[in-house]
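# Geometric and topological summary
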Amino acid sequence: MKPLLHNPAAQALARWSARRPELICSKAPIAVAFSAGADSTALLLAAHARWPTRVVALHVHHGLQDAADAFEATARATCAQLGIQLLVQRVDAAAAPGRSPEDAARQARYRALAAMALEAGSADQPGAACVLLGQHADDQAETLLLALSRGAGLPGLASMGEDFERHGIWFGRPLLSVPASELRGWLEAIQQAFVDDPSNLDVRYTRNRIRAQLMPAWAQTFPGFLPMLARSARHAAQAQSLLDDLADMDLAMTGEPPAITALQSLSDARQANALRRWLRRSAQVAPSDAQLTELLAQIADCRTRGHRIRIRLADGLLTRHGEQLHYLPPI
């Protein structure tokens, strides 16, 4: 492969940041989630080149594998070489019984990144302006294929957005259009050290099976498929945005929590759309198809004062309280 003359992460970061003038105008630190892998290394170098005095690296030590200490050591060496401040937080990312190990690790990682981002900066500029994540075009394609395999709706098919907020911190994904091979190829061309996570080869995990088995088959059958899947994800995200706008209009009429009689004036499709939006926004939960079908049936039957609604949803309970629906989170 012909060596790349320029860091492809730098070009993507320039395009991403140009659409976010508030980030450019801010003097707060720019944090980079830095695992020491290829994608986050290329992103860290790009961010450091763009904002030489503002970048801080955040490393999460999951403690889930023996190689974790080597990841931290590489992260420390890279940041020392570049003169970049590095914050490290060790977490217990072990999954509780019956819970997905991948989900447990992801939740622990975001909590740790948010906590470190709040610590970054100085007395006059507390907290980071944002946390940049190194997820790239291959990750986006894998996310879309994973969503398809699970029969996901538009929110799942939209895959990963370029921006989102979690735990009070703004996160950004500037590399979603960049293939992993370009990032790795550039790092190898300049002989920049990075680590390979051995857990990525563990095909017990669904995403790893998609990466190892399905992605190569797609590449052989549909060369250059990554931009096509990314385009599909963008179309789904645009359609979901319109549905969110419609849900907001309907919820302005039904109230939040929504009034049952007001919901009954809507079609089933608009009820379902509004309920998903309300639950996602107010409780960060998403009903399954079966739960939503049952809820719509109970709303349709709710014509008397004594009619009860009681549906298990995620770890909580959806109930009727007076003339409104209420979601009770787990205690």
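Bear in mind that the values here come from a model prediction, so they are computed numbers and not experimental data.

## A closer look at the nonpolar core
Soluble globular proteins tend to bury their nonpolar side chains together. Formed by 33 residues in total, the largest nonpolar core has its most connected members in Leu44, Trp51, Val55 and Leu132. Of all elements in the fold, only α1 (8-18), β1 (30-33), α3 (38-50), β2 (55-61), α4 (68-82), β4 (130-132) and α8 (180-189) reach the threshold of two or more residues within this core. If you tally residues by element for this core, the top one is α3, at seven residues. Dropping the residues within four chain positions of it, tryptophan 51 is found in contact with Leu13, Ser17, Leu23, Ile30 and Leu132. Membership of the second largest hydrophobic core comes to 22 residues, among which are Leu263, Leu296, Cys302 and Ile311.

## Some words on the packing of aromatic side chains
In this description, an aromatic ring pair is defined by two values, namely the gap between the centres and the angle between the planes. Applying the stated criterion across every chain, the model contains six aromatic pairs. Measuring from centroid to centroid gives 5.7 Å for tyrosine 110 and phenylalanine 164, while their planes differ by 90°, and the two rings are edge-to-face. Residue tyrosine 110 is found in helix α5 (residues 101-119), and its partner phenylalanine 164 is found in strand β5 (residues 163-166); the two are separated by 54 residues along the sequence. The pair formed by tyrosine 110 and phenylalanine 164 is uniform in burial state, with each residue classed as buried.

## Examining the pairing of β1
The side-chain alternation of β1 yields two buried faces, one formed by Ile30 and Val32 and the other by Ala31 and Ala33. Pairing analysis gives four bridges linking β1 to β2, with the strands arranged parallel. Within β2, the position partnered with isoleucine 30 by the bridge is valine 55. Following the backbone out of β1, through α3 and into the adjacent parallel β2, one traces a crossover that is right-handed. In the sheet, β1 pairs with β4 via three bridges, with the strands oriented parallel. Paired with alanine 31 across the strands is valine 131, a residue of β4.

Criteria and cut-off values
Residues numbered from 1 in each chain as written. Predicted model: local features only at pLDDT ≥ 70, side-chain atom pairs only at ≥ 80, totals over all residues. Heavy atoms only, no water. Core = buried A, V, L, I, M, F, W, Y, C linked by side-chain atoms within 4.5 Å. Buried < 20%, exposed > 50% of the residue type's maximum accessible area, 1.4 Å probe, protein only. Helix = DSSP H or I, 4+ residues; strand = E, 2+ residues; numbered from the N terminus. Contact = heavy atoms within 4.5 Å. Phe/Tyr/Trp six-rings, centres within 6.5 Å; stacked < 30°, edge-to-face > 60°. Pairing = 2+ DSSP bridges. Right-handed = clockwise from strand over helix to strand, strands pointing away.

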